[in-house]
Amino acid sequence: MQVFNGCYFVSLMSNSIHLPVLVETIFEHLALAPGNIAVDGTMGGGGHTLEFCKRVGPDGKVFGFDRDPIAVRQTAEVLPDNGVGIAGNYADIPEYLQQMQIDSIDAVLLDLGLSSDQLADRDRGFSFKSDGLLDLRFDQTAGEPAWRLINRLGEKHLADLIYEYGEERFSRRIARKICRIRHGETIKTADQLARIVRSCVPKSKKHSIDPATRTFQAVRIAVNEELKWLGVALKRIPDVLSVGGKFAIISFHSLEDRMVKNAFAEDGRLKVLTKRPLTADPVEVAGNPRSRSAKLRIAQRVEPAVLDR
Ligand SMILES: C[S@@+](CC[C@H](N)C(=O)[O-])C[C@H]1O[C@@H](n2cnc3c(N)ncnc32)[C@H](O)[C@@H]1O
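Keep in mind that what you see is a predicted model, and the values were worked out from it rather than measured. (Residues numbered from 1 in each chain as written. Predicted model: local features only at pLDDT ≥ 70, side-chain atom pairs only at ≥ 80, totals over all residues.)

The next subject is the site of the ligand. Around the ligand, a shell composed of 23 residues is seen, among which P20, T42, G44, G45 and G47 lie nearest. For the shell around the ligand, the secondary structure elements donating two or more residues are α2 (47-56) and β4 (61-66). (Near = placed C-beta within 6 Å. Helix = DSSP H or I, 4+ residues; strand = E, 2+ residues; numbered from the N terminus.)

Have a look at this one:
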């Protein structure tokens, strides 16, 4: 493993089980050319990164970022010579590019949320069934694990967090129960939290999702400060795009999608290319159920004067 200007370039074996979503749609719209420079801000198992590498060819360059050093370590190994894996936050892309003396890039992709590899790792607590520690951090070397957060926060704060980030109607009931239970024992595993939430949320007749889904989403968003970093990236990334360069974002829940939609629409540096979000077709959804909730929005860097608003 090499350390380079605070980011590290690493190599090991990749055995990702993550299926990338909307691949054809994304690359059709990005219309990359050989020799382009692109950034995959959320490399994960590398599905999109590898496609970037193919599209820009040997004369191009692809920088794959991920906050999860385990993902970067595994995926960097399978990247061809024109791809580089970087363990870092996508919000810091401008600094990394500056360090590498790259003035502007042709495309950036953010595929938000968590990967199937992270979900399948029983030691990280992303899966409701996991009996390992409820961690939920993308980068386990920094910040506070989820189990500490839910044992520390006051009832009102916990309820607000679950309501705001999970859009969970039963947030007050869940927070009350968490506080009652933790009085007698520390809540440490994903399985423990999932059982508490299920006991507070009536099972929906309409939807088949686990009642714990929204609370897990809320705690994960809080632990990783996901909305904060998305907000920073939305402000900063347009500055590193070349004129004509494209910024594509895939989100999986309405909080993120709303942020992306509004930021793109209000940004004088960008022209929105997708009036409505692009979604997976039934064939993709059948083969990859996770793609069902994916929403893709794309904007293009323009000179402010060109904008017709
Ligand atoms: C949906 S997965 C990406 C999957 C990837 N596109 C693929 O094809 O395998 C999202 C990834 O984003 C990473 N991530 C989340 N927030 C991040 C951030 N602020 N900066 C960099 N990576 C982040 C997660 O660790 C996770 O690996």
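After presenting the structure, the write-up continues.
For the rest of this paragraph, the subject is the sheet that holds strand β8 (residues 270-272). In spatial order, the strands read β5-β4-β3-β6-β7-β9-β8; together these 7 strands make up an open sheet with mixed pairing. With partners counted over all chains shown, the strands left at the sheet margins are β5 (83-87) and β8, one partner each. Pairwise comparison of adjacent strand axes, ignoring direction, gives a mean angle of 20° for this sheet. Judged from the 4 bridges that link them, strand β3 (residues 37-40) and β4 form a sheet pairing that is parallel. Its bridge partner lying in β4, I37 is registered against K61. Packed onto the sheet, helix α1 (residues 23-30) meets β6 (105-111), β7 (241-251) and β9 (295-301) and runs at close to 165° relative to β7. Each of β3, β4, β5 and β6 is contacted by α2, which is oriented at about 170° to β4, the strand it contacts most. (Pairing = 2+ DSSP bridges. Axes fitted to C-alpha atoms, helices over the stretch in contact; angles between N-to-C directions. Contact = placed C-beta atoms within 7 Å.)

This paragraph deals with the pairing of β9. Where burial is concerned, most of β9 is hidden: 7 out of the 7 residues are buried. Neither face of β9 is left uncovered, since the one carrying K295, R297, A299 and R301 and the one carrying L296, I298 and Q300 both have all their residues buried. As judged from the 6 bridges shared by β7 and β9, these two strands associate in the antiparallel manner. Following the sheet pairing, K246 is matched in β9 by Q300. As paired strands, β8 and β9 are joined by 3 bridges and run antiparallel to one another. Bridging across to β9, K271 finds its partner in Q300. (Buried ≥ 20, exposed ≤ 12 C-beta atoms within 10 Å, placed from the backbone.)

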